[in-house]
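Here is how the chains run, residue by residue.
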Amino acid sequence: MLHRSKRRLLTLAVTGFGLMWLVAFGLGLAIDPTSWSSRYSLLGIGFLGMSTLAMACIRATNQEQVAAHFLEALSELDPHEVAGRGDSLPPLPPSNPFFQSVERFRSAYVEWAAQLQKVEHSRAALEIKARRNAAKLDQMEAILAGLSEPVLVVDPYDSLLLANPSAERLLGLKEKDKVEARVLSNIDHCEKLLDLLNDVRRRKSAGVRTSEVEMTDAQGHTHCYSVSARAVSLHGDATSDAGGKSCAVAVLRDIGNLKAIQKRNAEFVSAVSHEMKTPLAGIKAYVELLADGDADDEATRDEFLEVINGQANRLQRLIDNLLNIARIEAGVTSVHKEPRSLNELLEEAFQIVLPSAEPKRISLTTELSNLYLSVRVDRDMLIQVAINLLSNAIKYTPDGGQVVLRSRMAGDQIQFEVQDTGVGLSAEDCEKVFEKFYRVKKDREMAPGTGLGLALAKHIVEDVHGGTLTVASQPGAGSTFTVTLTGAGQTNT
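Cut-offs and rules
- Residues numbered from 1 in each chain as written.
- Predicted model: local features only at pLDDT ≥ 70, side-chain atom pairs only at ≥ 80, totals over all residues.
- Heavy atoms only, no water.
- Helix = DSSP H or I, 4+ residues; strand = E, 2+ residues; numbered from the N terminus.
- Buried < 20%, exposed > 50% of the residue type's maximum accessible area, 1.4 Å probe, protein only.
- Contact = heavy atoms within 4.5 Å.
- Areas by Shrake-Rupley, 256 points an atom, 1.4 Å probe, with all protein chains shown as cover.
- Pairing = 2+ DSSP bridges.
- Axes fitted to C-alpha atoms, helices over the stretch in contact; angles between N-to-C directions.
- Lys, Arg positive; Asp, Glu negative; His and termini not counted.
- Salt bridge = Lys/Arg side-chain N within 4 Å of Asp/Glu carboxyl O.
- Polar contact = N/O pair within 3.5 Å; in protein donor to acceptor, adjacent residues only side chain to side chain.
- Left-handed = near helix turned anticlockwise from the far one by under 90°.
- Nonpolar A, V, L, I, M, F, W, Y, C, P; charged D, E, K, R; others polar.
- Patch = residues over 30% accessible without salt bridge, like charges linked within 9 Å, V, L, I, M, F, W, Y side chains within 5 Å.
- Charge placed at Lys NZ, Arg CZ, Asp CG, Glu CD.
- Phe/Tyr/Trp six-rings, centres within 6.5 Å; stacked < 30°, edge-to-face > 60°.
- Lys NZ or Arg CZ within 6 Å of the ring centre and 35° of its normal.
- Core = buried A, V, L, I, M, F, W, Y, C linked by side-chain atoms within 4.5 Å.
- Expected span 1.5 Å × (residues − 1).

### Some words on the overall build of the protein chain
(1) Moving on: When its secondary structure is counted, the protein chain shows twelve helices and twelve strands.
(2) Moving on: When the 493 residues of the protein chain are sorted by exposure, 36% land in the buried category.
(3) Moving on: Put simply, of all contacts in the protein chain between residues at least 6 apart along the chain, 63% involve residues at least 24 apart.
(4) Moving on: Here the protein chain has roughly 29400 Å² of accessible surface; of this, 55% comes from carbon and sulfur atoms.

If you want it as structure tokens, here you go:
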């Protein structure tokens with residue numbers, strides 16, 4: 001632009017010089033054509049005018065160059081530095097004919113640079129915010145994916161907006177499933193869950209509603225879930241359409257194990273109550289007989305008192321066994337493990353139960369190993385196990401039968417077993433015989449019991465000593481209970 005202006009000024013100066021010279025020469029000829037002095041005077045005037053015009057052109061050109069230099073210097077600045085350096089440039093003098101135009105351009109350029117800085121600062125802040133939101137989203141997805149509990153969100157039209165992997169497995173969904181397949185009303189076994197979500201979304205008051213529902217997974221297994229659901233608004237009021245319904249979120253917690261525990265606890269309480277009623281009823285009945293004076297002689301009173309004492313002892317054993325099992329299960333029982341000779345412990349237990357075998361003429365014998373079987377055990381607890389197994393064998397072996405107590409090495413482990421020629425157990429009874437209060441129905445009349453002896457023995461062997469207690473039996477062919485323990489070293493006797 002400035003080069004074109006220079007060319008125009010030079011063209012104007014040359015043209016003006018020529019015109020003024022012609023005008024001056026013409027005036028000289030008109031005044032006195034014959035007078036060269038007139039001609040030279042007019043020519044001087046022409047040259048003077050021409051010089052003045054040339055000076056004006058040069059001056060205008062210099063002012064234009066100053067303005068051009070200012071604009072070039074301004075344009076070379078980094079837009080990020082204009083706000084701080086635009087005012088430090090040498091200003092144009094107000095007399096410069098380009099002053100106002102250049103000043104307006106400079107002000108606009110400085111303002112534009114300032115706005116650019118603000119925009120870039122805003123963009124940087126938005127980028128940081130976007131990265132943070134993306135990181136939070138990744139964290140939330142990772143958390144939801146890691147939850148074992150199914151979590152799902154549905155829109156007002158019952159379509160799944162979100163379902164973590166646990167929920168997708170429960171509903172039999174895949175990520176590539178079409179939209180229609182991700183509508184709860186189109187998925188089998190979701191009726192109760194859908195009813196709960198619809199009820200939550202229709203409620204005007206916000207709050208969490210909890211209910212229990214049973215659902216069948218893709219493999220056909222039925223699960224019981226505790227569902228916590230509430231209505232949510234994900235996009236302001238935009239979700240409160242579709243007949244006034246909103247979105248809803250549900251968290252499902254599998255309570256199948258809890259239900260099983262509750263059932264076992266109920267059965268346990270029922271069994272304890274039943275087992276306690278029998279001795280308590282006997283004690284109460286004989287106390288009433290004594291109170292009514294039905295015992296006329298000393299022998300009858302002694303008989304009544306013996307029955308009462310026996311029932312009290314039975315109740316005491318029941319309570320002791322329950323407490324021992326509870327302590328072992330809670331891990332608060334006092335255990336003192338020391339290296340012991342297994343044969344010595346078994347001999348002690350054998351001598352304790354031997355008198356109970358004599359009235360039934362049962363042959364109670366031992367076949368103990370010739371090796372020194374060292375085991376690291378709690379002495380009293382292991383003797384209790386042996387006593388329980390021997391007593392149980394004697395109870396359910398008919399008169400004249402046999403019970404054998406054996407010990408032996410089994411590889412790097414030590415075993416002892418109690419074998420009897422009793423009534424035996426069915427396969428179903430073998431699976432349940434170690435459960436608390438379980439007693440074989442067909443054999444209940446053979447001997448009194450609480451159904452806790454074998455359960456306590458299994459707890460002591462497996463939970464306290466890390467061994468195993470198993471049974472092998474057939475109906476009418478007797479039973480063999482085997483205890484396996486880790487050895488603590490052995491030598492020949």
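From this point, the discussion proceeds with the structure in view.
### Some points on the sheet that holds strand β5 (residues 247-254)
(1) Moving on: Ordered in space as β2-β1-β5-β4-β3, the five strands form an open sheet in which the pairing is antiparallel. Of all strands in the sheet, those with a lone pairing partner are β2 (160-163) and β3 (209-216), marking the two edges. Adjacent strand axes in the sheet meet at a mean angle of 25°, parallel and antiparallel pairs treated alike.
(2) Moving on: Note: β3 against strand β4 (residues 222-232), eight bridges, orientation antiparallel. What sits directly across from M215, in β4, is H223.
(3) Moving on: Along the sheet face, helix α6 (residues 191-202) touches β1 (151-154), β3, β4 and β5 and points at about 20° away from the line of β4.

### Digging into the side chain of K360
(1) Moving on: Structurally, the position occupied by K360 is in the loop between α9 (342-357) and β7 (363-367).
(2) Moving on: Within the buried core, K360 has no salt-bridge partner, and the shortest N-O distance to an opposite charge, that of D399, equals 4.6 Å.
(3) Moving on: There is a polar contact of 3.2 Å between the side chain of K360 and the backbone oxygen of K395.
(4) Moving on: For K360, the residues in contact, after removing those within four places along its chain, are I394, K395, T397, D399 and G400.

### Considering the pattern of salt bridges
(1) Moving on: In total, this model carries twelve salt bridges according to the counting rule given.
(2) Moving on: Ionic pairing is found between E127 and R123, a salt bridge with its closest N-O pair at 2.9 Å. Separated by four residues within a single helix, E127 and R123 lie in helix α4 (residues 99-146), roughly one turn from each other.
(3) Moving on: Given the relative accessible area of 45%, R123 is considered partly exposed.
(4) Moving on: The partner of E212 in a salt bridge is K259, with the nearest N and O atoms 3.1 Å apart. Highlighted residues: E212 in strand β3 and K259 in helix α7 (residues 256-291), separated in sequence by 47 residues.
(5) Moving on: Since its relative accessible area comes to 34%, K259 is described here as partly exposed.

### Structural notes on the packing of helix α10 (residues 379-395) against helix α12 (residues 453-464)
(1) Moving on: In the contact formed by α10 and α12, the axes pass within 9 Å of each other and the chain directions differ by 145°. With respect to the hand of their crossing, α10 and α12 are arranged in left-handed fashion. Residues M381, Q384, V385, N388, L389 and N392 of α10 form the contact with α12, whose own contacting residues are G453, L454, L456, A457, I460, V461 and V464.
(2) Moving on: The class makeup of the residues in the contact of α10 with α12 is nine nonpolar, four polar and no charged.

### Description of unusual backbone geometry
(1) Moving on: Its identity as a non-glycine residue notwithstanding, R361 has a phi of 55°, on the positive side.
(2) Moving on: The class for R361 is exposed, based on a relative accessible area of 61%.

### So, a negative patch on the surface
(1) Moving on: Together, E288, D292, D294, D296, D297, D302, E303 and E306 give the surface a local cluster of negative charge.
(2) Moving on: Structurally, E306 is set in helix α8 (residues 298-330).
(3) Moving on: When its relative accessible area of 61% is taken as the criterion, E306 is described as exposed.

### Thoughts on the packing of aromatic side chains
(1) Moving on: The tally for this structure, following the rule as stated, stands at two aromatic pairs.
(2) Moving on: A centroid spacing of 5.1 Å and a plane angle of 70° characterise the contact between Y286 and F304, whose relative ring orientation is edge-to-face. Of the two residues, Y286 sits in helix α7 while F304 sits in helix α8, which places them 18 residues apart along the sequence.
(3) Moving on: In this structure, K458 packs its charged tip against the face of F434, placed 4.6 Å from the ring centre.

### Some words on the nonpolar core
(1) Moving on: L389 and F416 are the most contacted members of the largest nonpolar core, which has 48 residues in total.
(2) Moving on: It is α10 that provides the largest number of residues to this core, a total of ten residues.
(3) Moving on: Residues within four places of F416 in sequence aside, it is in contact with L342, L346, L382, V385, A386, L389, L405, R406, S407, F481, T482 and V483.

### Focus on α12
(1) Moving on: Under the 1.5 Å per step criterion, the end-to-end length of α12 is 16 Å for twelve residues, consistent within 8% with the ideal 16 Å.
(2) Moving on: A positive backbone phi angle near 70° is found at G466, which sits one or two residues after α12.

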